[in-house]
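This is what each chain is made of:
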Amino acid sequence: MELSRVSPLLSRLVAAPRLLLRRRFTQNSTLFLLHNSNNKSKVTLLLKHKQSKALATKAAAAAAETRTPTNMVKAIRVYEHGGPEVLKWEDVEIGEPGEGEIRVRNKAIGLNFIDVYYRKGVYKPAKMPFTPGMEAVGEVVAVGPGLTGRTVGDIVAYAGGAMGSYAEEQILPANKVVPVPSSIDPVIAASIMLKGMTAQFLLRRCFKVEPGHTVLIQAAAGGVGSLLCQWANALGATVIGTVSTKEKAAQAKDDGCHHVILYKEEDFVVRVNEITSGNGVDVVYDSVGKDTFQVISEYSLLMIDG
Ligand SMILES: NC(=O)c1ccc[n+]([C@@H]2O[C@H](COP(=O)([O-])OP(=O)(O)OC[C@H]3O[C@@H](n4cnc5c(N)ncnc54)[C@H](OP(=O)(O)O)[C@@H]3O)[C@@H](O)[C@H]2O)c1
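Please read these numbers as outputs of a predicted model, since none were measured by experiment. (Residues numbered from 1 in each chain as written. Predicted model: local features only at pLDDT ≥ 70, side-chain atom pairs only at ≥ 80, totals over all residues.)

This paragraph deals with the overall build of the protein chain. Helix and strand counts for the protein chain stand at eight helices and 14 strands. For the protein chain, the proportion of its 306 residues judged to be buried stands at 37%. Here the contacts in the protein chain between residues at least 6 apart in sequence split such that 62% fall between residues at least 24 apart. (Helix = DSSP H or I, 4+ residues; strand = E, 2+ residues; numbered from the N terminus. Buried ≥ 20, exposed ≤ 12 C-beta atoms within 10 Å, placed from the backbone. Contact = placed C-beta atoms within 7 Å.)

Rendered as structure tokens:
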């Protein structure tokens, strides 16, 4: 086999990612990092010995064993609704990007409650089987014909557009991704795209938080909650947050909560009324649900995002 043909196969072998549990980001929102399973230095050494056809051929054969055609990638697929056991790790063919599209090799994938809702069937996917996942950061590995503005090697993030980020690679509409500056770790970027847009929508559009407002954030130490606390504080609001544990209380304080209520130890309705001298709050951001519908003043607004 010619080396010019072997090298792409080697490259794919080098790049073949495996799914690693990198970090638990919040209680239910776990972040996975895709990274190389192979020892890069070994492969570099291998590539340095380009003259050694035998070596290269051996590596190519190994690659061919694990990876078939170049358009095949690994992805999670769901054939029936249910628990985590319905997530299947399979080979899928994703094709090449068409007009206005890019092909992205994912580096980090954000997990969200919405993925669980689709898996369980609470939300209906457009088709079965489907690949869950609403946000990721990856490297552009191919661009569609005639596309400008994106080039191979760009690091991009996306959220909430096309479902299917639980995959090594994806085809995405180029106009749905944003560039990720090199100063931002892809793992961080992938974990805050969807939650960040949710926080923006809640704080700047549904109800425009201004200096002087008092806001109540239920589940203040959750993924969305922790962003709401930081942002509301930066906007000049007085931030009250509820959490279940002392550890989460410390986190919420760090995130800018002026008053943290441990709702398992204190009656949060009583506490909010004490803190606000009976005036209540201007807005409640609620990530929990019906258990918490108690503290709103006559003129306050309840945002249910949970
Ligand atoms: N992620 C997004 O972009 C997004 C967008 C729109 C809507 N939402 C919704 O917002 C809610 C929070 O999402 P998130 O990403 O912030 O989740 P998260 O990081 O897991 O936070 C959820 C928090 O809710 C509290 N909680 C109270 N009762 C709970 C229960 N029965 N099960 C699990 N948690 C419970 C927990 O805090 P304590 O232990 O302190 O009670 C937990 O930390 C979800 O309902 C989600 O569907 C999320």
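With that settled, the discussion passes to the pairing of strand S11 (residues 238-243). Each regular strand carries side chains that alternate between the two faces of the sheet. Among the six residues that make up S11, five are buried, leaving the element largely enclosed by the rest of the structure. Two strands pair when backbone bridges link them, and strand S10 (residues 214-218) and S11 are joined in this way by five bridges, in the parallel orientation. Counterpart to Gln218 in the pairing with S11 is Thr242. In this fold, S10 hands off to helix H6 (residues 223-234), which returns the chain to S11; that crossover is right-handed. Across four bridges, the pairing between S11 and strand S12 (residues 259-262) is parallel. Looking at S12, one finds that Gly241 is bridged to Val260. Since S11 and S12 lie parallel, the crossover through helix H7 (residues 246-254) that links them has a hand, and here it is right-handed. (Pairing = 2+ DSSP bridges. Right-handed = clockwise from strand over helix to strand, strands pointing away.)

Our next topic: the nonpolar core. Membership of the largest hydrophobic core comes to 59 residues, with the highest contact counts inside it found for Ala157, Val215, Ala220, Leu228 and Ala232. Here this core gets eight residues from one element, more than from any other, and that element is helix H5 (residues 186-206). Excluding residues that lie within four positions of it along the chain, Ala220 makes contacts with Gly225, Cys229, Gly241, Thr242, Val243, Ala252, Cys257 and Val260. (Core = buried A, V, L, I, M, F, W, Y, C linked by C-beta atoms within 7 Å.)

Here H5 spans 29 Å end to end across 21 residues, near enough to the 30 Å set by a 1.5 Å rise per residue. The principal kink in H5, of about 45 degrees, is found at Met193. Every buried residue belonging to H5 is among Pro186, Ala189, Ala190, Ser191, Ile192, Met193, Leu194, Lys195, Thr198, Ala199, Leu202 and Leu203, and all of these are buried. (Expected span 1.5 Å × (residues − 1). Bend = angle between axes of the 7 residues up to and from the residue.)

Bringing the pairing of S10 into the picture now. The buried fraction of S10 amounts to five of the five residues, a majority that puts the element mostly inside the structure. Burial along S10 is two-sided: the face carrying Thr214, Leu216 and Gln218 and the face carrying Val215 and Ile217 are both buried. Bridging between S10 and strand S13 (residues 283-286) involves four bridges; their strand directions are parallel. Across the sheet, residue Ile217 finds its bridge partner in S13, namely Tyr285.

Let's shift gears to unusual backbone geometry. Here the amide bond leading from Met128 into Pro129 is cis, since omega sits at -10 degrees, within 30 degrees of zero. Among the secondary structure elements, Pro129 is positioned in the loop between helix H4 (113-120) and strand S6 (135-143). Positive phi, normally seen in glycine, also occurs at Ala219, with a value near 60 degrees. Among the secondary structure elements, Ala219 is positioned in the loop between S10 and H6. Accessibility expressed as a C-beta count within 10 Å gives 27 for Ala219, which makes it buried. Phi at Ser277 is positive, roughly 50 degrees, even though this residue is not glycine.

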